[in-house]
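If you want the building blocks of each chain, they are given just below.
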Amino acid sequence: MNARPLLNRRLDGLGTTIFAEMSALATSTGAINLGQGFPDTDGPEEIREAAVRALRDGRGNQYPPGPGIPELRSAICDHQRRFYDLSFDPDTEVLVTAGATEAIAAAMLALLEPGDEVIAFEPFYDSYAACIAMAGAKRVPLTLRAPSFRPDLDELRAKITPRTRILLLNTPHNPTGMVLTTEEQSAVAAIAVEHDLLVVTDEVYEHLVYEGVHRPIAALPGMRERTVSISSAGKTFSFTGWKVGWVTASPELTSAVRSAKQYLTYVSAGPFQYAVAEALRLPDSYYDGFRADMRTKRELLAGGLEEAGFKVFRPAGTYFITTDIRPLGETDGFAFCRALPERCGVVAIPNAVFYDHREAGAPFVRFAFCKRTGVLEEAASRLKTLAA
């Protein structure tokens, strides 16, 4: 049997990512790109120099170990213990991946069978849909609704069927900025235990929480053995191009995910793994300063968007702001975002691309604030022309 038609059917409708389309539009028009979530400055100089040292010293220039270099796996374990009082074995319970996206893909491919169901918060990061589709499974959206974007736990219970296999959680949540409360996490954990479900968590914004507290669901009773926790260095240290992510889970789940991961990239980012090992051991002052800087930028852009006439949903976490364009007399986020570069020289992302139910996300637009202060000030100034 030719597998390509089958794969094409699974991926039908996904097409080129909206990020590629909007980034190309930013380049062609010279607009300020507040669409894709990458910083416009590098992270700490000492971490960049750590990567340079590794390159010069010949560390990681050849294939690194499949699970990741021992130094990084140990640093990940130390990080989990330091921030969350979670203990993992660096040899059997940690896997280094090519960013969080590969970790999610490997988890879906390893843990799902065709026909299984995955419940995920909607709107969801676009790679979730592709990863679930490639595993031959079915995504079941649990829609987060404005203005709070909180999950309806009764609706979650109602969506569970005998085919449900995984709860795919993203907290802090992209694109809404919602952060699950302790009570919500406890309720989700109880549901997972009751129905014997696996939980895969995307926690890449774990150090960007402005209101509330991030606590991995793996720390809750009955969850460690059924949870695959995923994070990465890109968002926390502003080196998104290095693509260094990781999985922490029980030996059985880690082994399963590794069995799929080895046929995706096999290994990656050898020299950068040494640098990230050092980054994870930066003092608390780095993490506190990074979060405070992003909080200031959140307020700068949120204020500018409000002055421009948007309804702004201030995020509790991440570095994205979701807005409602209806106060501007607009209802179609796709049309609005495609026209925005020419109208005022700014690029944003239509939230509808993150929805199975496109109509639910139609009036919402996402802006990234992980940019230099001057860039955000200029973007805010340009956006004000919409209110003129």
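1. What about the sheet that holds strand E7 (residues 227-232)?
Strand pairing in a sheet is mediated by backbone hydrogen bonds. Such pairs are either parallel or antiparallel.
Turning to step 1, where the next piece is worked out: In space, the 7 strands of this open sheet follow the order E2-E8-E7-E6-E5-E3-E4, with mixed pairing throughout. The outermost strands of the open sheet, each flanked by one partner alone, are strand E2 (94-97) and strand E4 (138-143). Averaged over neighbouring strand pairs, the angle between their axes works out to 20° when direction is ignored.
Turning to step 2, where the next piece is worked out: In the sheet, strand E5 (residues 164-170) pairs with strand E6 (residues 198-202) via 5 bridges, with the strands oriented parallel. Pairing of Ile166 across the sheet is with Leu198, part of E6.
Turning to step 3, where the next piece is worked out: Against the sheet, helix H10 (residues 251-261) makes contact with E2, E6, E7 and strand E8 (245-248), and its axis sits at roughly 25° relative to E2, the strand it touches most.

2. A short note on helix H11 (residues 270-279)
Turning to step 1, where the next piece is worked out: Along H11, 8 of the 10 residues are buried, which leaves the element largely enclosed by surrounding structure.
Turning to step 2, where the next piece is worked out: Among the residues of H11, those classed as buried are Gly270, Pro271, Gln273, Tyr274, Ala275, Val276, Ala277 and Ala279.
Turning to step 3, where the next piece is worked out: On its buried face, H11 sits against helix H3 (45-56), helix H4 (70-84), E2, helix H9 (234-237), E8 and helix H12 (284-308).

3. With respect to the nonpolar core
Turning to step 1, where the next piece is worked out: Counting 131 residues, the largest nonpolar core has Met108, Phe310, Phe367 and Leu383 as the members making the most contacts within it.
Turning to step 2, where the next piece is worked out: With residues up to four places along the chain from it excluded, the contact list for Leu383 reads Leu305, Ala308, Phe310, Leu340, Cys344, Val346 and Phe367.

4. Some thoughts on unusual backbone geometry
Turning to step 1, where the next piece is worked out: Residue Pro172 is reached from Thr171 by a cis peptide bond, and omega for that bond is -10°.
Turning to step 2, where the next piece is worked out: Looking at the element boundaries, Pro172 is found in the loop between E5 and helix H8 (182-195).
Turning to step 3, where the next piece is worked out: Following Asn174, the chain continues to Pro175 via a peptide bond in cis, the omega torsion being 20°.
Turning to step 4, where the next piece is worked out: Residue placement: Pro175 occurs in the loop between E5 and H8.
Turning to step 5, where the next piece is worked out: One non-glycine residue, Asp85, adopts positive backbone phi at about 55°.
Turning to step 6, where the next piece is worked out: Structurally, Asp85 is set in the loop between H4 and E2.
Turning to step 7, where the next piece is worked out: Phi at Thr318 takes a positive value of approximately 75°, unusual for a residue other than glycine.
Turning to step 8, where the next piece is worked out: Here Thr318 shows up in the loop between strand E9 (311-313) and strand E10 (320-324).
Turning to step 9, where the next piece is worked out: Thr318 sits in the buried class, given a relative accessible area of 0%.

5. Considering the pattern of salt bridges
Turning to step 1, where the next piece is worked out: Evaluated as defined, the whole model comprises 29 salt bridges.
Turning to step 2, where the next piece is worked out: Arg372 is the partner of Asp40 in a salt bridge, and the nearest nitrogen-oxygen pair spans 3.2 Å. Placement of Asp40 in the loop between strand E1 (32-33) and H3 and of Arg372 in the loop between strand E13 (364-368) and helix H15 (373-383) is noted, with a sequence separation of 332 residues between them.
Turning to step 3, where the next piece is worked out: Taking the relative accessible area as the measure of exposure, Asp40 reaches 28% and is therefore partly exposed.
Turning to step 4, where the next piece is worked out: With a relative accessible area of 45%, Arg372 lands in the partly exposed category.
Turning to step 5, where the next piece is worked out: When the shortest N-O distance is used, the salt bridge between Arg298 and Glu211 registers 3.0 Å. Linking Arg298 in helix H12 with Glu211 in the loop between E6 and E7, this pair joins segments that are 87 residues apart in sequence.
Turning to step 6, where the next piece is worked out: The class for Arg298 is buried, based on a relative accessible area of 5%.

6. Examining the sheet that holds E13
Turning to step 1, where the next piece is worked out: Taken in spatial order, the 4 strands make up an open sheet running E9-E10-E13-E12, and their pairing is antiparallel. Looking at which strands have only one partner, the edges of the open sheet turn out to be E9 and strand E12 (349-350).
Turning to step 2, where the next piece is worked out: Sheet analysis places E9 next to E10, joined by 3 bridges and oriented antiparallel. Bridged to Val312 within E10 is Thr323.

7. Topic: the confidence of the model for the protein
Turning to step 1, where the next piece is worked out: With 96% of its residues at a pLDDT of 70 or more, the protein has an overall mean of 94.
Turning to step 2, where the next piece is worked out: For the stretch residues 1-14, pLDDT sits under 50, and the model shows 12 contacts to residues farther than four places along the chain or on other chains.

8. A closer look at H12
Turning to step 1, where the next piece is worked out: With 25 residues, H12 extends 36 Å from end C-alpha to end C-alpha; this agrees with the ideal 36 Å at 1.5 Å per step.
Turning to step 2, where the next piece is worked out: Buried within H12 are the following residues: Tyr286, Tyr287, Phe290, Met294, Lys297, Arg298, Leu301, Ala302, Gly303, Gly304, Leu305 and Ala308.
Turning to step 3, where the next piece is worked out: Looking one or two residues past H12, Gly309 carries a phi angle of roughly 110°, positive in sign.

9. Brief notes about the pairing of E8
Turning to step 1, where the next piece is worked out: Going residue by residue along E8, you find Gly245 and Val247 tucked away on one face and Trp246 and Thr248 tucked away on the opposite face as well.
Turning to step 2, where the next piece is worked out: Bridge count for E2 against E8 is 4 bridges, and the pairing is antiparallel. Note that in E8 the partner of Thr97 across the bridge is Gly245.
Turning to step 3, where the next piece is worked out: Two strands pair when backbone bridges link them, and E7 and E8 are joined in this way by 4 bridges, in the antiparallel orientation. Bridged to Ile230 within E8 is Val247.

What counts and how
- Residues numbered from 1 in each chain as written.
- Predicted model: local features only at pLDDT ≥ 70, side-chain atom pairs only at ≥ 80, totals over all residues.
- Heavy atoms only, no water.
- Pairing = 2+ DSSP bridges.
- Helix = DSSP H or I, 4+ residues; strand = E, 2+ residues; numbered from the N terminus.
- Axes fitted to C-alpha atoms, helices over the stretch in contact; angles between N-to-C directions.
- Contact = heavy atoms within 4.5 Å.
- Buried < 20%, exposed > 50% of the residue type's maximum accessible area, 1.4 Å probe, protein only.
- Core = buried A, V, L, I, M, F, W, Y, C linked by side-chain atoms within 4.5 Å.
- Salt bridge = Lys/Arg side-chain N within 4 Å of Asp/Glu carboxyl O.
- pLDDT = per-residue confidence, 0-100.
- Expected span 1.5 Å × (residues − 1).

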